[in-house]
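Given next are the chains, with one letter for each unit.
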Amino acid sequence: MSDTNTESESAADPGALRTPIVAVLGHVDHGKTTLLDRIRGSAVQEGEAGAITQHIGATAVPLETISDMAGSLVDPTDFDLPGLLFIDTPGHHSFSTLRSRGGALADIAVLVVDVNDGFQPQTEEAIDILKRTGTPFVVAANKVDTTPGWNPQEGEPIQRSLEKQSDRAENRLNENLYELIGDLSGKGFSADFYWRVQDFQSNIGVVPVSAMTGEGIPDLLTVLMGLSQRYMKAEMAVDVAGPGVGTVLEVKDERGFGATLDVVLYDGVVREGDTIVVGGRDDPIVTEVRALLQPRPNAEIRTEKRFERVDEVRAAAGVKIAAPDLDEAMSGAPVRVVRGDDVDAVKAEVRKELARIEVDTAEDGVVVKADTLGSLEAMANALEEAEVPILRAEVGDVAPRDVTVAQTANEEHHRVILGFNVDVLADAEEALERTGVRLFDDDVIYQLVEEYEEYVEELERAQQ
Ligand code: GDP
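Parameters at a glance
- Residues numbered from 1 in each chain as written.
- Predicted model: local features only at pLDDT ≥ 70, side-chain atom pairs only at ≥ 80, totals over all residues.
- Heavy atoms only, no water.
- Axes fitted to C-alpha atoms, helices over the stretch in contact; angles between N-to-C directions.
- Helix = DSSP H or I, 4+ residues; strand = E, 2+ residues; numbered from the N terminus.
- Parallel < 35°, antiparallel > 145°, perpendicular 65-115°, else oblique.
- Left-handed = near helix turned anticlockwise from the far one by under 90°.
- Contact = heavy atoms within 4.5 Å.
- Nonpolar A, V, L, I, M, F, W, Y, C, P; charged D, E, K, R; others polar.
- Pairing = 2+ DSSP bridges.
- Core = buried A, V, L, I, M, F, W, Y, C linked by side-chain atoms within 4.5 Å.
- Buried < 20%, exposed > 50% of the residue type's maximum accessible area, 1.4 Å probe, protein only.

(A) Up close: the packing of helix α9 (residues 373-385) against helix α12 (residues 445-463). With their axes 10 Å apart at the nearest point, α9 and α12 run at an angle of 45 degrees to one another. When the axis of α9 is compared with that of α12, the two are oblique. Crossing handedness for the pair α9 and α12: right-handed. Contacts between α9 and α12 pair S375, A378, M379, A382 and L383 from the former with I445, L448 and V449 from the latter. In the contact of α9 with α12, the residues fall into 7 nonpolar, 1 polar and no charged.

Written out as structure tokens, the structure reads:
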């Protein structure tokens, strides 16, 4: 809850828990995207009316859908949670760079591990990040359908199939699962098959799934509900009816609306006509919500009316916000609704949030561009460690004015732009060629820093 907006709503339910926000992490090719598609697809099939085919950064799966899918696994009356909200961009980059006020935007996580491939470098990285941020998670042991000897009965719960086959010496799946549980223990976690886990916060539940066939997906959703229920109750002090607070995922031009924000609202309510404050490139932007848009159920991707207008949105949810003056808004920046006339106080809060991720700049140095505020901060930290000064650091694609700024650097090795996970605008390409400013771009931070260091060494050698 914001300190400055204390107006409470009559509809407020003090015990209400908001939808937990779920991130999907794991090694490349282990099936993160397929899993998200499967969850989205199942939600569409099962939910019909509430189905979602378009998405704005996050997919909501309502409790009714989960309980329809899970059958006897889930008794909806056991849960106070409205469902689960999955962030659609998988991977630990988005996990660690998308922030909410207190830390990671996601409340809980699914770590996807290919059950035949086991722990891989990015699995280890993901675990380290989850540990550092104290994020509760479950393991989806994916691709069970590809394990030799795995032969489940149609319609039979995965647990029964596994237990039946557990005696068979040739059961590779059980072997692989035990290996996975062992690897998790090696990382200091107590882990087990999910059906043996009582407390998912102190034990990591391992759920065998196939993102391809859909086996185990209801089980996974059920376990996530169980984990969130405890966690959200214990950890989340949420004001579901207070002024909306969210994080900008993307700033997108939308025909008829101009620049719009794809936002994950993680707290409170936003309504059409609300005054909002959004983190911008210069001062926070103060504007008024012209329209709140959500994906139209079952809309064809290419039809014009992809979105429908809604009057209000409650956390947690993905929403597209249309409002004037959003061009300078930044991915990763906070969005806050102003109730009452406390604009200045809310502006101050947004400034404070932005200051936390402010980058120290020097008189001379390199220009840094990154896709979100969080990744900009990560870049700045890496450069500080490598003792590379920064002349200017901004969120956004490489634009001609970045080239102009880089050109003003005194030292040749500083006439450089480092772009992390960004595109280069056409005019900027041309400016780079004309000025000789060097651009390094990559989507791995340490590689980007290494490329730059090698370039500096090369220049030094050439000068000797
Ligand atoms: P990501 O890099 O983690 O997002 O992985 P993807 O979701 O792109 O999956 C990588 C490859 O594995 C794709 O070819 C998928 O079709 C395949 N795949 C993902 N999950 C499964 C699964 O459960 N079973 C099988 N057989 N293939 C899968």
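(B) Summary view of the sheet that holds strand β9 (residues 258-267). In spatial order, the strands read β12-β11-β17-β8-β9-β16-β13-β14; together these 8 strands make up an open sheet with antiparallel pairing. The open sheet has two free edges, formed respectively by β12 (285-288) and β14 (307-310), since each of these has just one partner strand. Taken over all neighbouring pairs, the strand axes of this sheet differ in orientation by 40 degrees on average, direction set aside. Alignment of strand β11 (residues 275-278) against β12, held across 4 bridges, turns out to be antiparallel. The residue of β12 that forms the bridge with V277 is V286.

(C) Examining the nonpolar core more closely. Core analysis: the biggest nonpolar cluster contains 100 residues, and F86 and V110 have the highest contact counts within it. Broken down by element, this core gets its largest block of residues, 9 residues, from helix α7 (residues 217-235). When residues no more than four places from it in sequence are discounted, the contact partners of F86 are V22, V24, L36, I39, G57, A58, T59, V61, L221 and L224. Within the second largest apolar cluster, 30 residues are counted, among which are V368, V388, I390 and Y455.

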